[in-house]
Amino acid sequence: MTADIYFVSGIDTGIGKTYTTGYLAKLWNAQGQHVITQKLIQTGNVDVSEDIQQHREIMGTGWLPEDESKLTMPEIFTYPASPHLATKLDGRDIDFAKIEAATQQLAEKFEVVLLEGAGGLMVPLTTELLTIDYLEQKKFPVILVSSGRLGSINHTLLSLEALKARGLPLYALAYNLNDESQDPLISKDTSEYLKAYLAKYFPEAQWIDIPVL
């Protein structure tokens, strides 16, 4: 069995990628798919990925054997920063072969792998490699997390244009309802604008509302 691998990215840091990843895993598992989550690179932790922990709490599964073996969190760096800086401070490089081997092992055991990135599409993994460069190599379909906060239209369109420029597939725009603007007019307009933009320029992509749990 070879899984469908989706890369979960966001329009910005703190937009709700981790929550969205855990929610989609919970939802799709409930719908009968065999889903696992993985963290591409975790920063700001020592031995265990806090993002994977949050996924499991949302999914209600508890710790999995794949978590114990670190397949779901193959690379962890201690400083809470962009990977290119965190690796420099820890004094070691990212082992991309290790990450890819872990993803492949998960793909052989599950039907779907949700691979959560760090920050947005243009976050540098190394001084020479952006997240979007990695995606261009792997051709993973992207689930882009957005929301109704003020400024998200600009950030979302920039991210979508970046995907289009690289010829990368957008699987879905995940609209995080936990991150709405306090102004309901802004939230409503943002949702309507982004839905219309998606329908016009990315008609093959899905719109997924990520509800408040």
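Per an unreviewed UniProt entry, the protein chain is named ATP-dependent dethiobiotin synthetase BioD, and its organism is Acinetobacter tibetensis. Under the UniProt heading Sequence similarities (unreviewed entry), the note attached to the protein chain is "Belongs to the dethiobiotin synthetase family." Taken from UniProt, the Subunit (unreviewed entry) comment for the protein chain reads in full: "Homodimer."

Take the UniProt feature "binding site: ATP" (unreviewed entry) in the protein chain next. Per the UniProt record, "binding site: ATP" (unreviewed entry) is found at Gly-14, Ile-15, Gly-16, Lys-17, Thr-18, Tyr-19, Asp-47, Glu-116, Gly-117, Ala-118 and Gly-119. The named residues occupy 106 residues along the chain; their greatest pairwise C-alpha distance, 24.3 Å, places them well apart from one another. Position of Asp-47 among the secondary structure elements: in the loop between β3 (42–43) and α2 (50–59). Discounting chain neighbours no more than four positions away, the residues touching Asp-47 are Lys-70, Met-73 and Ile-76. Structurally, the position occupied by Ala-118 is in strand β5 (residues 112–120). When near neighbours in sequence (up to four residues on either side) are disregarded, Ala-118 contacts Lys-17, Lys-39, Ile-41, Pro-83, Val-123 and Thr-131.

A word on the UniProt feature "binding site: substrate" (unreviewed entry) in the protein chain. In this numbering, the UniProt entry assigns the feature "binding site: substrate" (unreviewed entry) to Thr-43. Checked against the element boundaries, Thr-43 lands in strand β3. Other than its neighbours up to four places away in sequence, Thr-43 contacts Phe-77, Tyr-79, Pro-80, Ala-81, Pro-83 and Ala-86. A polar contact is formed between the side chain of Thr-43 and the backbone oxygen of Ala-81, at a distance of 3.0 Å.

Cut-off values and rules
Residues numbered from 1 in each chain as written. Predicted model: local features only at pLDDT ≥ 70, side-chain atom pairs only at ≥ 80, totals over all residues. Heavy atoms only, no water. UniProt positions renumbered as here; feature names shortened; annotations may be inferred. Helix = DSSP H or I, 4+ residues; strand = E, 2+ residues; numbered from the N terminus. Contact = heavy atoms within 4.5 Å. Polar contact = N/O pair within 3.5 Å; in protein donor to acceptor, adjacent residues only side chain to side chain.

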